[in-house]
Amino acid sequence: MISAPEAPAPVADEPRQRPRSSRRAWDEVPRRQIYLPLSIYLLFTLIPFYWILLFALRPAGSTSLVPWPMTFEHFDKVWTERSFGTYFQNSVLIAVATLVMTTVVALAGGYALARFDFRIKRGFMLALLCSQFVPGALLLVPLFQIFAKLQMINSLGSVIIAETVFQLPLSMILISGFIRNVPYTLEEAAWVDGCNRFSSFRIVVLPLLRPGLIAVGSFAFVHAWNHFLFALMFLSDQSKQTIPVGLNTLMSSDSVDLGALAAGGIIAAVPVVIVFAFIQKWLITGFSAGAVKG
């Protein structure tokens, strides 16, 4: 019996090479078309900083576009004659105290929002979110009346409390999101090992919240350092003023000392730049972690 010839085995299709036209558009963009706009943007961003340094470091009355000969007379003037040394100390005290109080209170409130269920939880979260739409200027009158009855006007404590209250809603929302990212089973395992709720939080949860706490604390520090209205309204004594209010005193309706103003601006900006330079990695990690859940 003659068998029919077998059909040839199908040949596997060879992988087709992706056509050149299907490549991403930016793979074929020349480097100069990328670097040129970035260079222009960088130049546009750095010119104001150079202009501030120019006015702060060149002698008074000079019109040179290069700060040479370099002088620090403007820094000495604002630090001693304009009492910026005192303003700097007050700003550091207010910013650090606001950071500590905001972080501690927001940590307790954020844990309650993340781990407990209660009837008004949704309404409370909605109230926290809605409070972010209220500008700080609307809080000046009620806070001033409260501090006046408590005899706290013209004290640094009034500004610290006001800054803490203003920062708490957003800080609690962020920290509650960070805590939700920590598995609840880790705390349960600690309870099995004999820890109570506070010990399990301190040993297990708190170390994992370091990036989030740094992010929230740095945000509170920078806002308290730069805030102008609360210090202007609640502090009348010049020896208790802060750097933003001190910068405002360098400007008048008749004239502006540009050298002193530029030197004061650099003094005000240096601590914030140093803080962000050291915590940049933790800040990005913290905000990205809090954005996953919430």
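All values derive from a computational prediction rather than experimental measurement.

1. Overview of the overall build of the chain
In step 1: Check the secondary structure of the chain and you find 12 helices and zero strands.
In step 2: Each helix (α) and strand (β) of the chain, taken in turn from the N terminus, gives the series α-α-α-α-α-α-α-α-α-α-α-α.
In step 3: Within the chain, the proportion of its 294 residues that are buried is 35%.
In step 4: By sequence separation, contacts in the chain at least 24 residues apart represent 72% of the contacts at least 6 residues apart.
In step 5: Within the structure as shown, the chain displays about 19,000 Å² of accessible surface, and the carbon and sulfur contribution to it stands at 67%.

2. Considerations on a nonpolar patch on the surface
In step 1: On the surface, a cluster of nonpolar side chains totalling about 820 Å² of accessible area is made up of Y50, W51, L65, V66, W68, M70 and F72.
In step 2: With respect to the element layout, W68 can be found in the loop between α1 (31–57) and α2 (73–81).

3. A word on the environment of K121
In step 1: Tracing the chain through its elements places K121 in helix α4 (residues 121–131).
In step 2: Using a relative accessible area of 16% as the deciding quantity, one classes K121 as buried.
In step 3: With residues near it in sequence (within four places) discarded, K121 still touches L113, F116 and R180.
In step 4: Side chain to side chain, K121 and D117 meet in a polar contact 3.4 Å long.

4. A short note on the pattern of salt bridges
In step 1: In this structure the tally under the stated criterion is two salt bridges.
In step 2: In this structure, R115 and E187 form a salt bridge, with 2.6 Å as the shortest nitrogen-oxygen distance. Linking R115 in helix α3 (residues 84–115) with E187 in helix α7 (residues 184–192), this pair joins segments that are 72 residues apart in sequence. Across the pair, exposure class does not vary: R115 and E187 are buried alike.

5. Overview of α4
In step 1: Taken residue by residue, α4 has K121, M125 and L128 as its buried positions. Taken end-on, α4 shows its buried residues confined to a sector of 55°, consistent with a single buried face. Looking at α4, the residues exposed on the side facing more than 90 degrees away from the buried face are R122 and L126.
In step 2: Where α4 is buried, its residues touch α3 and α6 (156–180).

6. Some points on the packing of aromatic side chains
In step 1: Under the defined criterion, the tally for this structure stands at 13 aromatic pairs.
In step 2: Centre to centre, the rings of Y184 and W191 are 5.6 Å apart; their planes meet at 85°, and the pair counts as edge-to-face.
In step 3: Positioned above the aromatic ring of F55 is the side chain of R58, whose terminal nitrogen or guanidinium carbon lies 4.6 Å from the ring centre.

7. Notes on the side chain of S176
In step 1: Mapped onto the elements of the fold, S176 is located in helix α6.
In step 2: With sequence-adjacent residues up to four places away left out, S176 is seen in contact with G110, L113 and A114.

8. A word on unusual backbone geometry
In step 1: Non-glycine residue S83 carries a positive phi angle of around 60°.
In step 2: On the secondary structure map, S83 appears in the loop between α2 and α3.
In step 3: Exposure remark for S83: the relative accessible area of 25% places this residue in the partly exposed category.
In step 4: Phi is positive for Q151, which is not a glycine, with a value near 60°.
In step 5: Structurally, Q151 can be placed in the loop between α5 (140–149) and α6.

9. Describing the environment of F88
In step 1: Tracing the backbone through its elements, the reader meets F88 in helix α3.
In step 2: A relative accessible area of 24% means that F88 is categorised as partly exposed.
In step 3: Those residues in contact with F88 that lie beyond four places of it in its chain are W79, W225, I243, I267 and P271.

10. Things to note about the packing of α3 against α6
In step 1: At a closest axis distance of 6 Å, the pairing of α3 and α6 adopts a crossing angle of 40°. Here α3 and α6 pass one another in a crossing that is right-handed.
In step 2: In terms of residue class, the contact of α3 with α6 is built from 17 nonpolar, 10 polar and three charged.

11. Focus: the side chain of Q241
In step 1: Within the secondary structure, Q241 is located in the loop between α10 (229–234) and α11 (243–249).
In step 2: Ignoring any residue separated from it by four or fewer positions in sequence, one finds Q241 in contact with T86, Y87, N90, A231, L235 and S236.

Criteria and cut-off values
Residues numbered from 1 in each chain as written. Predicted model: local features only at pLDDT ≥ 70, side-chain atom pairs only at ≥ 80, totals over all residues. Heavy atoms only, no water. Helix = DSSP H or I, 4+ residues; strand = E, 2+ residues; numbered from the N terminus. Buried < 20%, exposed > 50% of the residue type's maximum accessible area, 1.4 Å probe, protein only. Contact = heavy atoms within 4.5 Å. Areas by Shrake-Rupley, 256 points an atom, 1.4 Å probe, with all protein chains shown as cover. Patch = residues over 30% accessible without salt bridge, like charges linked within 9 Å, V, L, I, M, F, W, Y side chains within 5 Å. Salt bridge = Lys/Arg side-chain N within 4 Å of Asp/Glu carboxyl O. Polar contact = N/O pair within 3.5 Å; in protein donor to acceptor, adjacent residues only side chain to side chain. Arc of directions from axis to C-beta. Phe/Tyr/Trp six-rings, centres within 6.5 Å; stacked < 30°, edge-to-face > 60°. Lys NZ or Arg CZ within 6 Å of the ring centre and 35° of its normal. Axes fitted to C-alpha atoms, helices over the stretch in contact; angles between N-to-C directions. Left-handed = near helix turned anticlockwise from the far one by under 90°. Nonpolar A, V, L, I, M, F, W, Y, C, P; charged D, E, K, R; others polar.

Distances and angles like these do not, on their own, reveal function.
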